[in-house]
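# Breakdown of the fold
Here is how the chains run, residue by residue.
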Amino acid sequence: MPLQTIDLASKLSQFSGHFAPRTVALFNGHDVMVAKILGSFSWHSHADSDDFFLVLSGRLFLDLPDGLTLQLDPGQMFVVPKGMEHRPRADVETHILLIEPTGTPNSGDPATAAPRRLL
């Protein structure tokens, strides 16, 4: 595999769908992914892994249990602990970077998860 840098803006420009992460690199058994979000995703949790979110552009809201909502702006990140229900949402198109163990379903359920796509 050749050594090369990865331009996240370029990768994000290659697709338009929301809530459909694209893998841009592999890191110690994890997918490093970019995604575009707009609107609300479903409430879900990941029983076996934490969920890492880093906002690249836009504004991400993470709804958490007990009515708590976090707002993440560009350059901010949050790690949802494994097993915690959460719902990502955005009022404007928001670009995020995600890191998850390879094979982790984005919806928490393999039956409803977006397929893994490599860029």
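This structure is a prediction, so every number in the text was calculated from the model and none was measured. (Residues numbered from 1 in each chain as written. Predicted model: local features only at pLDDT ≥ 70, side-chain atom pairs only at ≥ 80, totals over all residues. Heavy atoms only, no water.)

On to the overall build of the protein, then. Assigned secondary structure in the protein consists of one helix and seven strands. Of the regular secondary structure in the protein, the N- to C-terminal order runs α-β-β-β-β-β-β-β. Here the C-alpha radius of gyration of the protein, 14 Å, is about what a compact globule of 119 residues would show, namely 14 Å. In terms of overall dimensions, the protein has C-alpha extents of about 45 × 30 × 25 Å along its principal axes. With 119 residues in all, the protein has 37% of them scored as buried. Considering only contacts in the protein between residues 6 or more positions apart, those separated by 24 or more positions represent 64%. On the protein, roughly 6,700 Å² of surface is accessible, and the fraction owed to carbon and sulfur atoms is 55%. (Helix = DSSP H or I, 4+ residues; strand = E, 2+ residues; numbered from the N terminus. Rg over C-alpha atoms; globule rule 2.2 N^0.38 Å. Buried < 20%, exposed > 50% of the residue type's maximum accessible area, 1.4 Å probe, protein only. Contact = heavy atoms within 4.5 Å. Areas by Shrake-Rupley, 256 points an atom, 1.4 Å probe, with all protein chains shown as cover.)

This paragraph deals with the pattern of salt bridges. Scanning all chains against the criterion turns up three salt bridges. Among the salt bridges present, the one from Arg87 reaches Asp63, with a minimum N-O distance of 2.7 Å. Linking Arg87 in strand β7 (residues 87–101) with Asp63 in strand β4 (residues 60–63), this pair joins segments that are 24 residues apart in sequence. By relative accessible area, Asp63 is classed as buried at 4%. Asp63 serves as the salt-bridge partner of Arg89, at 2.7 Å between the closest nitrogen and oxygen. Of this pair, Arg89 sits in strand β7 while Asp63 is found in strand β4, placing the two residues 26 residues apart along the sequence. (Salt bridge = Lys/Arg side-chain N within 4 Å of Asp/Glu carboxyl O.)

Moving on: the packing of aromatic side chains. Throughout the structure, instances matching the rule amount to one aromatic pair. Both rings, one in Phe19 and one in Phe41, keep their centres 5.0 Å apart while their planes meet at 20°; by these two values the pair is stacked. Separated by 22 residues along the polypeptide, Phe19 in the loop between α1 (8–12) and β1 (22–27) and Phe41 in the loop between β2 (30–40) and β3 (51–57) bring together distant segments of the chain. Its guanidinium or amino end placed over the ring of Phe15, Arg22 lies 4.3 Å from that ring's centre, counting from NZ or CZ. Just above the ring of Phe15 sits the side chain of Lys36; from NZ or CZ to the centre is 5.1 Å. (Phe/Tyr/Trp six-rings, centres within 6.5 Å; stacked < 30°, edge-to-face > 60°. Lys NZ or Arg CZ within 6 Å of the ring centre and 35° of its normal.)

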